[in-house]
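Breakdown of the fold
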Amino acid sequence: MPALASSMRVAALPAAAPAEPAERWRAAVEASGIGVWDWCVTSGEVYYSPEWKAMLGYADDEIGARFEEWQDRVHADDLDAALAAIDAHLKGHTAMYVCEHRLRGRDGGYRWILARGRVIERDAAGRATRVVGTHTDITAQRRALAQMQEREARYAAAFHSTFQLMGVVDVDGRVIEGNDTALAFAGLRAEDVSGRWIWELPYFQASPQTVALVREAVQQAASGQLVRAEFEILGAHDARMMVDFSLKPVRDAKGRITMLIAEGHDVSERRRAAIELGARERALRLTIQASPIGLAMVGLDGRWLMVNRALCEIVGYGQQELMSMTFQDITHPDDLAPDLELVRRTIDGEIAGYRLSKRYLRKDGGIVPIQLDVSLVRDADGHPLHFLSHVQDVSARLRYEQLLQQEKERFQVALSAITDAVVITDTQGRIDFVNPIAERLLGVVSSALIGQRLGDVVDLREEAGERLPLLDALPDQHASFVQGLANLYRGSLPRLWIEYALAPLKDGGGEPIGYVFMLHDVTQARALTRALEHQATHDALTGLLNRSGFERQLEQQRRAVVQQPRPWCLLYLDLDRFKIVNDTIGHDAGDELLRALALRLRSVLRSTDVFARLGGDEFGVILDRCAVDEAELVAAKLIDAVEHFRFRRDEQQFQLGLSIGIAEPPDAVCSVADLLRMADAACYVAKRTGRNRACVYRDSGIDGFTPAVEFDAVNALQRAFDDDRLAVYAQKIVDLDSRRVVGIELLTRLIGPDGSVITPDRFLPAAERNDLITRLDGWMLRRAATLLAERKPCVPKEWYVTINVSGLSLSDLRFHRVISEVLSTSAGLRDRICFEITESAAPSNWHVTLQGIELLRSHGCRVLLDDFGSGFTAFNYLRHLRVDGIKIAQDFTTAIRGDPVNEPVVSMIAQIGRKLGIKVIAEGVEDEATASQLHALGIRRGQGFYFHHPQPVTELLV
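Just so it is clear, the model here is predicted, and its values are computed rather than measured. (Residues numbered from 1 in each chain as written. Predicted model: local features only at pLDDT ≥ 70, side-chain atom pairs only at ≥ 80, totals over all residues. Heavy atoms only, no water.)

1. Some remarks on the pairing of strand S22 (residues 568-576)
- Judged by how many residues are buried, S22 sits mostly within the fold: nine of nine residues are covered.
- Side chains Trp568, Leu570, Tyr572, Asp574 and Asp576 project from S22 onto one buried face, and the interleaved Cys569, Leu571, Leu573 and Leu575 project onto a second face that is buried too.
- For S22 and strand S24 (residues 618-624), the ladder comprises seven bridges, and the chain directions are antiparallel. Among the inter-strand pairings, Trp568 is bridged to a residue of S24, identified as Asp624. (Buried < 20%, exposed > 50% of the residue type's maximum accessible area, 1.4 Å probe, protein only. Helix = DSSP H or I, 4+ residues; strand = E, 2+ residues; numbered from the N terminus. Pairing = 2+ DSSP bridges.)

What follows is the structure, given as C-alpha cells:
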C-alpha cells in the first residue's frame, strides 16, 4: 500500500467536465450533506467535497486536493487496513470499497467515518481509471454501541462471577448459555454448549441414570416444579464434582414459564473433607456490526432515479427492478402516510429535510426496518429537483436492543435465583443491587442496603477478630479480582464463616463502572471439614494418628531436618503373637487389647514424640532430637512395657511381645517410603531373629544379621518361577441374597521343593521390596487368561474372576505392556475379569498408576478397591479412581457384631456403593451371624471361610 499512496499526485479537478451521470450523482450526494471524494487514478487528481471537509470541521479552502490530506488524518491504527481495502478494490478483488476508520478533525479529535466507494471507469486493459465514493460520519452510532455494552456488562459480570455452575435453558431443554464457572469446569467454550440438549452435555455423562434424571428434571421444571437432586458430574481432565443440582422455572409477568435456571452447587468437598469452590469472572462481550447503508436519488413523484448496491441488498431487488418502481411501492402501508406528509412539508420549504424510522417491503415478502434520512436538492433558483435518501438497515440494531433487554431481564432473574449472596455497587462502593440471599445473609432488608457504602454494612474480620480493610478501601483499590475467607459479623446475629470475592465491573473500553461482591456461607462445611480432617488422619480404634497422618508427620520431620540438621530416629513396632488373641477369643477382644496397649505405649514416650497406629498390630514412632543409642533405650522401654502387660479375658490370660525396627536416617535425603522401608526391614529382621527385640537398620547388616534371610525368600520365589512351582488357588464369592456362587478370587501359592504350600505372607513382602511383585502379577494375569480360555476344567459362564494387582505394578510401565499383550488377545478375559487394587505398596507414580487403571478400563475390564475402609487412603483412591466395586476390609466384617465403629462404617460403605452404583463385597465372613448382619446392612456379596476355604482352582472347577 505505500506504493499506492506514493503513486497519487494530487491536484485540482481537471477543467474538462466529468461524465454527466457521475457528475450529476456527485452533485446530488453533496446536497445531502454526505462527504464526497472523486479520484482520477490515471492523472492522480483527487477532489474532496466541501461537505467532506466540513465533516472534519474545516472550511473549503483549508484542505487542499492532495491524497495526503486524507492519509495524514487517518488514525495510525486504521491506516494500513484502509489502504489495503482501497488496493483490493482497485485490483477487482471486491465489488465495492467499504471501510470504517477514524479521521482527525480540525479540533484534534477523531471522528468515526464510514467510507464507501466504487470504481466507475476502467481502461481497455481493465485498470481502474476513476473511483467515486462517500464519507458518512458514524461517530454517534459508535458511541451508542459503547453505551449498550456498558449496560450489559453489569449484569453479565455478576452472572459469570458466581461460585456456582449455572446455565439458562429453554423450556424444551436446549441450553441458551452457561456461565464462565460451568464452562471452565468442563473445559468448554460457549459455542460448545449453546443450542444443545442439556442432558447431552459432558457434565451429565457419568452414568445413564444421570442422563435420564436430568431429562426428567427438565420435563418437571417445564411444568412448573422446582426440581432438585444430588449427583456427580464430570469435568475436564477427569475432574468430578458432586453437586446439589437444581432446575428452577422462571415466569414472565403473565405467569408463563419462559426459561429454566440450572444451577449446580458443589457439595463434593462437604462429603470428603474440603470445599474447593472457585468463582471466576469474565465480562460477557457481544459484538455489534454496523448495518449496511443505502443511497438513492428519488424524483419528486417518488420514482427511483438512481440507487446503489447497498440499497438493493436491503430490499432484495435488482437495480433495474427497483428503478422501475417508486418508494411508495415498497413502503409499508402503515408507514406511507407519515412519509408522504414529510415529503410535502419538505417540498413546501417548511423543513429542510427529515429523518424517519419506517419499514420497507422486501421482494421476498419480508419486512426490513430502516432509518431514512431525506434531504431535498434544489436548483440555483430554489426550485426542487429531486430527493436524496440515506437508507440504513436497522434490523440488527433493533434485534440487539431487544436481546439486550431480554439479557438484562434474564440476569436479574438469575441473580435473584442463585444461592450465593450478590451485592453490586457503583464506582464509589455504594450499593445499588442486592439479591434475596444477600438480604438473608447480612440480616438486612434491601431497602436499608441500597445507597449505603459496602464497607458500612458488611463487617468482615479475620479469625483473630481484626477487621478486613478491603471494603473500606473502595473505590481507590481493587482494580482486579480479590477473594478470601473471613468471619462475617452481623450484630446480634450469629457470626458466619464465609468465602468472599470482590471483582471490578468494567465497560467495553475497560473503564470501571462498579464492583460485584459475592458471599458464600461455609460455616457448616468448615466445621465438617475440620471433623473429617481429624478422622482422615486418626485411627478410629485407638485415637492415634493413622498411617496417612503418620506419613504427613514423617514428611514434615524429614523436611525440618533438612533445614535444621539434628539427630532423629524412626521406630517401626509390630506386636508378636497378636493373631493368637484374635483367633482364640475374637476380634472384639483384640480391639480392646490394642486400645489398652496403645495407652501403655504412649505413656512410655515423650509428649513430643509422634506415635501412630499404622494398621493391624503395627505402630510407628518418630523420635525427634534423639540419637540411635537413645532410640535403642526407648525401644527397650517399649518392649519391657509390653512384656509386663497381661491381658485377661474370662479364664484366659495372654502375654504379647513387641518387635521393633529402628531406622536412623542417613545423611543423604531419603523419601518417606525409603524411611518406612528401612524401619520395616529392621522390624522384619527383629521378628525373624527371635521376636520381642529391637534391631537397627544398617546397609551392611542389622545387629550382626545380614540380609541373607531376605535373599533366601527372594531366591525361593525366583526358583519357584523357574521350576514352575507357583499355583493358583481360588476362593468363592457368594451372593448374600441367594447364597449362590457368583465369582471367585484367584490367589497365589508357592509350592516348596518338598511339596508344602507356602502362603503369600511369607513371600509377598519380599516380592514387593525386591521388584518381583510386577512379575508375579503378570504371571497371575496370564494364568487367569489361560484358565478362562480352557474348556476343561472351565469357569462357569455366570462367574466372574478377580485377581489382585499391586499398586507398584500399576505404576510400572512394564506391567502396562503385559496388560495390553494379554487383554488384546483374550476377549473372554476382558468380559469376566475384575482387578483388585491392593494397598500393600503405595504407587510410586500416581500419573502412571492412573494410566494403568484407564488401560484396564479401556479393555472393558472392571476395577475393584481391595481392603476398603482400612484407612483413608482407600477413600482417596475412591475419589481419584473410577472403580466398579469395593471390597470391605475384613477388619470391619469379622468384628462387626455389636461394635460401635465397625457397624456404622460398613453401613456407610454400603451407602457409598449404592450412591455410586458400584458393587460392594465383604471379605472375612466367618459365620452365619456375620453374613446375616452384613445382608441387613445392605451388603449383597460376601467372601470368607464361612462360605469356602481357598483350594486349588483345578479342584474347585472339577
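2. Concerning helix H21 (residues 578-585)
- Here H21 has its buried residues at Phe578, Val581 and Asn582. For H21, the buried positions fall inside an angular range of 95° around the axis, keeping them on one side. Opposite the buried face of H21, at more than 90 degrees from it, the exposed residues are Lys579 and Asp583.
- Contacts made by the buried residues of H21 are with S22, helix H22 (587-604) and strand S26 (652-655).
- Positive phi appears at Gly586, one or two residues downstream of H21, with a value of about 100°. (Arc of directions from axis to C-beta. Contact = heavy atoms within 4.5 Å.)

3. Quick word on the packing of aromatic side chains
- Taken as a whole and assessed by the stated rule, the structure comprises 11 aromatic pairs.
- Here Phe611 and Phe619 contribute two aromatic rings whose centre-to-centre distance is 5.6 Å and whose plane-to-plane angle is 25°, an arrangement assigned as stacked. The same class applies to Phe611 as to Phe619, namely buried.
- Taken together, the ring pairs in this structure connect Tyr203, Phe204, Phe231 and Phe245 into an aromatic cluster.
- A cation sits over an aromatic face here: Arg174 above Trp197, 3.8 Å from the ring centre.
- Here the basic side chain of Arg749 rests over the ring of Tyr729, its NZ or CZ set 5.4 Å away from the ring centre. (Phe/Tyr/Trp six-rings, centres within 6.5 Å; stacked < 30°, edge-to-face > 60°. Lys NZ or Arg CZ within 6 Å of the ring centre and 35° of its normal.)

4. As for the side chain of Asp339
- Mapped onto the elements, Asp339 comes out in helix H14 (residues 333-347).
- Engagement of the side chain of Asp339 in a polar contact is seen with the side chain of Tyr354, the distance being 2.6 Å.
- Those residues in contact with Asp339, other than ones at most four positions away along the chain, are Phe327, Tyr354, Leu356, Lys358 and Leu372. (Polar contact = N/O pair within 3.5 Å; in protein donor to acceptor, adjacent residues only side chain to side chain.)

5. Details of the sheet that holds strand S2 (residues 45-48)
- Sheet architecture is open: five strands sit in the order S2-S1-S5-S4-S3, paired in antiparallel fashion. This sheet does not close on itself; its edge strands, each paired only once, are S2 and strand S3 (97-104). Strand-to-strand twist of the sheet, defined as the mean angle between neighbouring strand axes without regard to direction, takes the value 20°.
- The sheet contact formed by strand S1 (residues 35-40) and S2 spans four bridges and is antiparallel. Residue Trp39 lies in a different strand from S2, and its bridge partner there is Val46.
- Of the strands in this sheet, S1, S3, strand S4 (110-122) and strand S5 (128-137) are in contact with helix H5 (residues 79-90), which crosses S3 at around 150°. (Axes fitted to C-alpha atoms, helices over the stretch in contact; angles between N-to-C directions.)

Any link to function would need more than the numbers given here.
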